[in-house]
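# Descriptive analysis of the structure
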Amino acid sequence: MWQRCQRTVDALELPTPFDATVFVGMLAGTRGRPIELVPVSSARDTPCGLLVTTDRADCIVYAADTTALHQQHILLHEAAHLICGHHETAAAASAAAQVLLPHLSASLVQRVLGRTVYTEPQEQEAELVASLILTRTAQAAGSTRPAPPPHPQRARLDRLFGTPEAPAPGRADG
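None of the values given here were measured: they were computed from a predicted structure. (Residues numbered from 1 in each chain as written. Predicted model: local features only at pLDDT ≥ 70, side-chain atom pairs only at ≥ 80, totals over all residues. Heavy atoms only, no water.)

## Quick look at the nonpolar core
With 27 residues, the main nonpolar core has F23, I35, I60, L76, A79, V129 and I133 as its most contacted residues. Among the elements that make up this core, the one with the highest residue count is helix α5 (residues 121-144) (7 residues). (Core = buried A, V, L, I, M, F, W, Y, C linked by side-chain atoms within 4.5 Å. Buried < 20%, exposed > 50% of the residue type's maximum accessible area, 1.4 Å probe, protein only. Helix = DSSP H or I, 4+ residues; strand = E, 2+ residues; numbered from the N terminus.)

Structure (structure tokens):
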């Protein structure tokens, strides 16, 4: 599964700099079908993300009241379900979709995938693809990002924790 997921991620076109919402828009263009991003407040006993497939569009429902990093991972996980084709074999509408999307009729919703049980192969695959996308973007960003300036307290911390300071230019320590 790891190798298959790695090949899948390697074949993806990713925006630079990486932005999950831009990536989802690119995925929608590739698929020829809109993907709507729907932020919702987390509710007790519901997943933090859902992929809802209707006859006209796909909807990624994600927790709006979590960190930006977590939101990004939720978006990528749900997008990974689309990339891996899981939406084609998912079960029909669930109770979670009715709680989070009460304005959508059950007859309109064709499929729902929720992030609840990570022991299922589709959930593991979606989680791995999302993580590999983030790893790839971090590696790409690291190769082009300049080194951060030294922290003003670095010399003090080095002295406190025993890391020797480099000698000042023109100064001989020894």
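## Overview of the pairing of strand β3 (residues 58-63)
Counted residue by residue, β3 has 6 buried out of 6 residues, so it is predominantly covered. Residues of β3 alternate between two faces, with D58, I60 and Y62 on one and C59, V61 and A63 on the opposite face, all of them buried. Where strand β1 (residues 35-40) and β3 come together, 6 bridges link them in parallel fashion. The partner of V40 across the bridge, within β3, is A63. Relative to β3, strand β2 (residues 49-54) runs antiparallel, the two being bridged by 5 bridges. Looking at the pairing, L50 lines up with V61 of β3. Once β2 ends, the chain turns through 3 residues before running back antiparallel as β3. (Pairing = 2+ DSSP bridges.)

## Considering the confidence of the model for the protein
The predicted model of the protein averages 77 in pLDDT, with 62% of residues at 70 or higher. Across the protein, the element-wise mean pLDDT spans from 45 in strand β4 (residues 109-114) up to 96 in helix α2 (residues 20-31). Of the regions scoring below 50 in pLDDT, residues 107-118 engages in 58 contacts with residues more than four places distant in sequence or in other chains. (pLDDT = per-residue confidence, 0-100. Contact = heavy atoms within 4.5 Å.)

## Describing the pattern of salt bridges
Counted under the stated rule, the structure contains 3 salt bridges. In this structure, the salt-bridge partner of R4 is E125, at a minimum N-O distance of 3.0 Å. Here R4, found in helix α1 (residues 2-10), pairs with E125, found in helix α5; they are 121 residues apart in sequence, far enough to count as distant. Assessed through its relative accessible area of 40%, R4 is described here as partly exposed. A salt bridge links D58 to R31, with the shortest nitrogen-to-oxygen separation between them at 2.9 Å. Of this pair, D58 sits in strand β3 while R31 sits in helix α2, and the two are 27 residues apart along the sequence. On the accessibility criterion, D58 (0% relative accessible area) is buried. Each of R31, R33 and D58 takes part in salt bridges that share partners, so that together they form one network. (Salt bridge = Lys/Arg side-chain N within 4 Å of Asp/Glu carboxyl O.)

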